[in-house]
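# Descriptive analysis of the structure
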Amino acid sequence: MQNYTVSLPHYSVGPDVYRLAGDIIRPYGQKIAVIGGEKAMTKANPTLLPALEAAGLCVTDVHVYGHDSTMANVDAIMARDGVKAADVLLAVGGGRCCDTVKTAADLMGKTVMTCPTVASNCAPVSAVAVLYREDGALDRYHFAPQCPAHCFINTTVILDSPEDLFWAGIGDALSKQIEVLYCVRGKSLFHTPLLGAQLACACQEPLLTYGRQALDDFKANVMSEAFTECVLDIIVSTGVVSNLVTHTEYYYNSSLAHCFYNASMFLPTGHEHLHGEVVSFGNLVLLAYDHQDALLDRFLDFNVSIGLPVTLEAVGITTDTALDTLIDAAEHIKEWSTGPEPATKAAFKEAILKVDQLGRARLGQ
């Protein structure tokens, strides 16, 4: 690669961070379209909209985007007059909201910024967007040339979000280090992905160290160091890495953990579980597949300690037919071939069954 641009996140974080939004947004334009999830905007907008008004910005639209990151929802955003009139699209919500608005902004050539209302993944600061079909199965990845221009992480709003999304976010974020290091193994890396691979090593330990306490503090509505560290790990640390290891010419961002999740979406039961919840089981599968037994033990213990799944039953897979369907689907998913070599169905199934056996033993089943 001779000429390329690296886009890294700019973000503001704190319990009253929306009051900073005006000064940061104003250089990009005066007209703002606020697009988000219905519940998310009921939490954020009572403080966000007055902050935008106080800064002299004009809100041209407030739109509920839908419930999933689909092209239909992208098209609906782009068709709105208030969005067409806006200089900046402000995504308010979770990962699927952010991915939908990011895609629409890129296709329209507009600036996008994000206000995550949950800490569940790195979508608020990453350039890549995951798009799903109307039936919930993976459609494709949309690769924007740059990440959102800014991310406003209001920890007060996130502390008031659903507990299960934060819980699942920890499971999702734990995939970053192990997946990236697995993807880049044996590859000759130039500066950008090399930097991403090194920064990936900052994603795992904070979650294993603070995760249990962060969840306890979340339940107690305590704005603690452990909670804030995990929020920043889930949204920022993993997002910085994603922007460095993802490009149209290379992709080291995810592998077998996300392959397991994406394949599970081909099962009816897949839609009954959260993204990070299933990815957390996929983490165990990757470690078993790669024979990282010591780290697998640590992850098993951690999952058990906070109630993340360690058995197939916990992610809704209870029959041999369902497991075989998942494995057949996995073979056709991008992450099947992002590791040192393409996975094999026999080894993948062996790893899944190994995790299930170890998980059942951990639970005394």
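Residues numbered from 1 in each chain as written. Predicted model: local features only at pLDDT ≥ 70, side-chain atom pairs only at ≥ 80, totals over all residues. Heavy atoms only, no water.

## Examining unusual backbone geometry
Positive phi is not limited to glycine here, since Asn 221 has a value of about 60°. Considering the arrangement of structural elements, one finds Asn 221 in the loop between helix 10 (204-219) and helix 11 (225-245). A relative accessible area of 54% places Asn 221 in the exposed class. Of note, the phi angle at His 291 is positive, near 60°, even though the residue is not glycine. In this structure, His 291 sits in the loop between helix 13 (275-289) and helix 14 (293-306). His 291 sits in the exposed class, given a relative accessible area of 62%. (Helix = DSSP H or I, 4+ residues; strand = E, 2+ residues; numbered from the N terminus. Buried < 20%, exposed > 50% of the residue type's maximum accessible area, 1.4 Å probe, protein only.)

## Let's talk about helix 11
A rise of 1.5 Å per residue sets the reference length of helix 11, with its 21 residues, at 30 Å; its end C-alpha atoms lie 28 Å apart and thus fit the reference within 8%. Considering bend angle alone, the principal kink of helix 11 is centred on Asp 233 and spans about 40°. Within helix 11, 17 of the 21 residues are buried, which leaves the element mostly enclosed by the surrounding structure. (Expected span 1.5 Å × (residues − 1). Bend = angle between axes of the 7 residues up to and from the residue.)

## Comments concerning the pattern of salt bridges
Across all of its chains, the model carries 18 salt bridges by this definition. Lys 349 is paired through a salt bridge with Asp 324; the nearest N and O atoms lie 3.0 Å apart. Highlighted residues: Lys 349 in helix 16 (residues 345-362) and Asp 324 in helix 15 (residues 320-330), separated in sequence by 25 residues. Its relative accessible area of 30% is what places Lys 349 among the partly exposed residues. Counted as one network, the salt bridges with shared partners bring together Asp 297, Asp 301 and Arg 362. (Salt bridge = Lys/Arg side-chain N within 4 Å of Asp/Glu carboxyl O.)

## Looking at the nonpolar core
Residues Phe 166, Phe 260, Phe 348 and Ile 352 are the most contacted members of the largest nonpolar core, which totals 76 residues. Those residues in contact with Phe 348 that sit more than four places away from it in its chain are Leu 256, Phe 260, Val 285, Tyr 289, Leu 326, Ile 327, Ala 330 and Trp 336. By size, the runner-up hydrophobic cluster in this structure holds 21 residues, among which are Ala 21, Leu 57, Val 92 and Met 113. (Core = buried A, V, L, I, M, F, W, Y, C linked by side-chain atoms within 4.5 Å. Contact = heavy atoms within 4.5 Å.)

## Quick word on the pairing of strand 5 (residues 111-116)
The buried fraction of strand 5 is high, at five of six residues. Sheet topology note: the strand 4 (residues 88-93)/strand 5 ladder contains six bridges and is parallel. If you follow Gly 93 over to strand 5, its bridge partner there is Pro 116. (Pairing = 2+ DSSP bridges.)

## A closer look at the packing of aromatic side chains
Pairs of aromatic rings are described using the distance from one ring centre to the other and the angle between the two planes. Here the structure, examined in full by the defined rule, presents eleven aromatic pairs. Ring centres of Tyr 141 and Phe 143 lie 6.4 Å apart, and the angle between their planes is 45°; on these two criteria the pair is classed as tilted. Relative to Tyr 251, the ring of Phe 143 lies with its centre 6.4 Å away and its plane at 80°, an arrangement referred to as edge-to-face. On the criterion of sequence distance, the pair formed by Phe 143 in strand 7 (residues 138-143) and Tyr 251 in strand 10 (residues 250-251) is long-range, its members being 108 residues apart. A relative accessible area of 9% places Tyr 251 in the buried class. (Phe/Tyr/Trp six-rings, centres within 6.5 Å; stacked < 30°, edge-to-face > 60°.)

## Focus: helix 15
Looking only at helix 15, the buried set comprises Ala 322, Leu 323, Leu 326, Ile 327, Ala 329 and Ala 330. Buried positions in helix 15, seen along its axis, are confined to an arc of 160° and lie on one side of it. For helix 15, the exposed residues lying more than 90 degrees away from the buried face are Asp 320 and Thr 321. Residues of helix 15 that are buried in the fold lie against helix 12 (256-264) and helix 16. (Arc of directions from axis to C-beta.)

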